[in-house]
Amino acid sequence: VIAVALLSRALPAQEAQVDGSPRYRLLQVVELSTVQEKVNEIAAEGYRLVGAVPAPGGTWATIMEKVEAPSNPYKYLLLARKGERDFQGQINEAASQGFRLLPRNLAQGRTQPPQFDVAWMEKPAVPPAATQYLLIPFGAKMAAKASLNPALWAETNPLHYIRPQINAALQQGYKIERIVS
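Residues numbered from 1 in each chain as written. Predicted model: local features only at pLDDT ≥ 70, side-chain atom pairs only at ≥ 80, totals over all residues. Heavy atoms only, no water.

**Some words on the environment of valine 53**
The criterion, for reference: Numbering of helices and strands starts at the N terminus; helices are DSSP runs of H or I of at least 4 residues and strands are runs of E of at least 2. Here's how the labels work: a residue is buried when its accessible area is under 20% of the maximum for its type, exposed when over 50%, partly exposed in between, all with a 1.4 Å probe on protein chains only.
Relative to the assigned elements, valine 53 resides in strand E4 (residues 47-55). For valine 53, a relative accessible area of 7% translates into the label buried. C-alpha of valine 53 to C-alpha of leucine 106: the two residues are 53 residues apart in sequence and 8.6 Å apart in space.

**Topic: helix H3 (residues 87-96)**
The following threshold applies: Arc definition: it is the arc formed by the directions from the helix axis to the C-beta atoms. Throughout this description, a polar contact denotes any pair of N or O atoms lying within 3.5 Å of each other; where both atoms belong to protein, one of them has to be capable of donating a hydrogen while the other can accept it, and for residues adjacent in sequence the pair is counted only when both atoms sit in side chains.
If you check which residues of H3 are buried, you get Phe87, Ile91, Asn92, Ala94 and Ala95. Down the axis of H3, the smallest arc covering the buried residues is 160°, so these residues share one side. Two to three positions downstream of the cap, the backbone nitrogen of glycine 89 sits 3.0 Å from a side-chain oxygen, assigning the N-cap of H3 to aspartate 86. Immediately downstream of H3, the backbone of glycine 98 shows phi near 100°, a positive value.

**A few points about the packing of aromatic side chains**
In plain terms, the rule: Centre distance within 6.5 Å is the pairing criterion for rings of Phe, Tyr and Trp, where only the six-membered ring of Trp is used; planes under 30 degrees apart are then read as stacked, over 60 as edge-to-face, and the remainder as tilted. Look at NZ for Lys and CZ for Arg. If either is within 6 Å of the ring centre and within 35 degrees of the ring normal, a charge sits over the ring.
Going through the model one piece at a time under the given rule, you end up with zero aromatic pairs. The ring of tyrosine 47 carries the charged tip of arginine 25 above its face, separated from the ring centre by 5.5 Å.

This is the structure in structure tokens:
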């Protein structure tokens, strides 16, 4: 569904040309291990990532848009967490190298149970200010902990279970980038 929505936005504009190149490029790759390489190849031609989603049949679909000819093209990094690895540490390590999280391109593995989380990061031509990210997990452990709090027993919004963590992060200067189910 997400891939169709991305395509529906891009296809009407496909006719438009920028510097003799198509305005949008659609890339569909089977292996997660090669999608980052292919996206960076297209970025080197002056394109910027608009969206990337897992598609049916175990493939990945990405849409890239032509940008003004940058002197230094965008670079992309695809992080995939499997199991209990330190995903926040991976994201912050990439951020220390000038990459920024693309919140619209976060995805959870599509297997049952989910096996990995995916995050795309972008490095613009001009290095941005230093950034750190904080991941607030919500899962069985957090739900069990919240179930010990009688104030939350009648709560139907699962985000209220992690409200204290969200409020603490906001007080520390973080801002909410994305909530992923």
